[in-house]
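Residue-level structural notes
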Amino acid sequence: VSGLLGLALIVMIAILIRRSTLARQREEWLQSGQVGLATAVMGDQPVEQLGNNVLEFLARYTGAVAGAIYTGTGGQFRRAAVYGVPEGAGVLERFGPRHGLLGQAVAENRSLLVSDVPDDYISFGAALGHSKPRHLAIMPASADGAVNAVIELGFIRPVSPRVLDLLTQASGAMAAAVRSALYREQ
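Since we're looking at a predicted model, the values are computed, not measured.

1. Quick look at the pairing of strand β7 (residues 135–143)
Within β7, eight of the nine residues are buried, which leaves it mostly tucked inside the rest of the structure. Sheet topology note: the strand β4 (residues 112–115)/β7 ladder contains four bridges and is antiparallel. Opposite S115, over in β7, you have H135 as the bridge partner. Across nine bridges, β7 lies against strand β8 (residues 146–155) in antiparallel orientation. Paired with A141 across the bridge in β8 is A149.

Below, the structure written as structure tokens:
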């Protein structure tokens, strides 16, 4: 009996150590992502350059294959940058609140996940071919309660919870950087 209790105790300790290690790795990944994103938005950048830097970092870091970022104030948003989308692919140029999923994310100021994206959705590609993202993450970025950017990322694989956590935690920093860029632009 004491041998079985000792074995059970060893198994429980191993499980707890594994959980602790996974939680630490997740936190390190989130912190590294926030630092990388802070580096991408650093400095006085025009809106388009800021959008490109944010999309390039997020796509690399999260494994997204396509993306778009929209910026705006007063309810009207315009496309600032795209990532991985071929020219002439028909990416939405402008939208307002409650117009499509992007507008809904703005109106509700909450992220949206879309799985099993239809085949007629926008494609990403390279010289060797084109494909469609199968999963989408749409994240509004708000500062002081006002949404001033929306990021849409397309993924081939399901979006992991840690990617959503990173986008949620980093949305304030992205919104502040976009707000500053929009002020400079005006």
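Still more to cover.
2. Here we look at the environment of A68
Assignment of secondary structure puts A68 in strand β1 (residues 66–73). Expressed as a C-alpha distance, the spacing of A68 and L58, which sit ten residues apart in the sequence, is 11 Å. Apart from residues lying up to four places away in sequence, A68 is in contact with L55, A81, V82, V150, I151 and E152.

Cut-offs and rules
Residues numbered from 1 in each chain as written. Predicted model: local features only at pLDDT ≥ 70, side-chain atom pairs only at ≥ 80, totals over all residues. Heavy atoms only, no water. Buried < 20%, exposed > 50% of the residue type's maximum accessible area, 1.4 Å probe, protein only. Helix = DSSP H or I, 4+ residues; strand = E, 2+ residues; numbered from the N terminus. Pairing = 2+ DSSP bridges. Contact = heavy atoms within 4.5 Å.

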